[in-house]
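The chain contents come next:
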Amino acid sequence: MAGSLTFTMIKPDAVKANNIGNILQMINEAGFRIVAMKYTQLSAAQAGKFYEVHSARPFYGELVDFMSSGPIVAAILEKDNAVDAFRTLIGATNPADAAEGTIRKKYATSIGENAVHGSDSDENALIEGRFFFSGLEMI
Ligand code: ATP
Ligand code: MG
């Protein structure tokens, strides 16, 4: 039976540092199936909409600037218990708190520039996936 879905982005810091391949390898080795994937760049308006839930937070402007500062890789991933399994793989928001062996421990440099995004619920995984992909692009 098919697993559940999550949504991820490899953020501009990790793309600039040439870590797309390393991060995709970790995702593959952790047993996620790629349902959809694209290399693209968000405008400030698009990044602002994606992270609208954080619009009242003091770091919102910085987050929008950063997320629109360069190319990203967006993907929908499938695995049993995908949202929780992926958040375990990526580690804590702040890489200083991230467990050994997690993507953020290895590749994030700060709480703001933290290499990857992972959805925080099944509901948001669907909303976020549909923000980037049409049904035709999900395989
Ligand atoms: P993401 O949603 O990107 O997977 P997360 O769920 O671990 O990250 P959130 O609380 O949703 O963390 O914050 C969204 C993003 O906002 C973080 O990944 C980070 O890039 C940025 N951010 C969060 N807290 C801070 C902060 N205190 N200072 C600067 N940037 C922050
Ligand atoms: Mg989040």
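*Asks:* Would you explain the side chain of Asn-19 in this entry?
*Replies:* Locating Asn-19 in the fold gives a position in the loop between α1 (12-16) and α2 (20-29). On the accessibility criterion, Asn-19 (12% relative accessible area) is buried. Leave out the neighbours within four places in its chain, and Asn-19 touches Ala-14 and Tyr-107.

*Asks:* Explain the site of ligand 1 here, please?
*Replies:* In the vicinity of ligand 1, 14 residues are found, and the nearest of them are Lys-11, Thr-93, Gly-112, Asn-114 and Gly-118. Contacts to ligand 1 include Lys-11, whose side-chain N or O atom sits 2.9 Å from an oxygen atom. Contact distances for ligand 1 include 2.8 Å between an oxygen atom and a side-chain N or O atom of Asn-114. Contact with the protein chains hides 82% of the accessible area of ligand 1, taken as 580 Å² for the molecule alone.

*Asks:* Quick question: what am I supposed to make of helix α7 (residues 122-132) here?
*Replies:* Residue pairs three or four apart in sequence face the same way in an α-helix, which turns once every 3.6 residues. By the burial criterion, the buried members of α7 are Ala-125, Glu-128, Gly-129 and Phe-132. Summarising the axial view, the buried residues of α7 lie within an arc of 100°, below the 170-degree limit, and thus occupy one face. Seen from the buried face of α7, the exposed residues on the opposite side, beyond 90 degrees, are Glu-123, Ile-127 and Arg-130. Those residues of α7 that are buried lie in contact with β1 (4-10), β2 (33-40), α3 (44-50), β3 (72-79), α5 (82-90) and β4 (116-118).

*Asks:* Help me understand the pairing of β3, please; the structure alone is not making it clear to me.
*Replies:* Strand residues, when the strand is regular, have side chains that alternate between the two faces of the sheet. Most of β3 is tucked away, with seven of its eight residues classed as buried. As paired strands, β2 and β3 are joined by seven bridges and run antiparallel to one another. Bridge pairing links Thr-40 to Ile-72 in β3.

*Asks:* Mind showing me how you'd approach the sheet that holds β1 here?
*Replies:* Sheet strands line up and pair through hydrogen bonds in the backbone, either parallel or antiparallel. Pairing within the open sheet is antiparallel, and its four strands lie in the order β2-β3-β1-β4. Among the strands making up the open sheet, the edge pair consists of β2 and β4. The sheet shows a mean angle of 15° between the axes of neighbouring strands, taken without regard to direction. For β1 and β3, the ladder comprises seven bridges, and the chain directions are antiparallel. The residue bridging Ser-4 from the neighbouring strand is Lys-79, located in β3. The strands touched by α5 within the sheet are β1, β3 and β4, with β1 carrying the most contacts at an inclination of about 35°.

Rules and cut-offs
Residues numbered from 1 in each chain as written. Chains lettered and ligands numbered in written order. Predicted model: local features only at pLDDT ≥ 70, side-chain atom pairs only at ≥ 80, totals over all residues. Heavy atoms only, no water. Helix = DSSP H or I, 4+ residues; strand = E, 2+ residues; numbered from the N terminus. Buried < 20%, exposed > 50% of the residue type's maximum accessible area, 1.4 Å probe, protein only. Contact = heavy atoms within 4.5 Å. Near = heavy atom within 4 Å. Polar contact = N/O pair within 3.5 Å; in protein donor to acceptor, adjacent residues only side chain to side chain. Areas by Shrake-Rupley, 256 points an atom, 1.4 Å probe, with all protein chains shown as cover. Arc of directions from axis to C-beta. Pairing = 2+ DSSP bridges. Axes fitted to C-alpha atoms, helices over the stretch in contact; angles between N-to-C directions.

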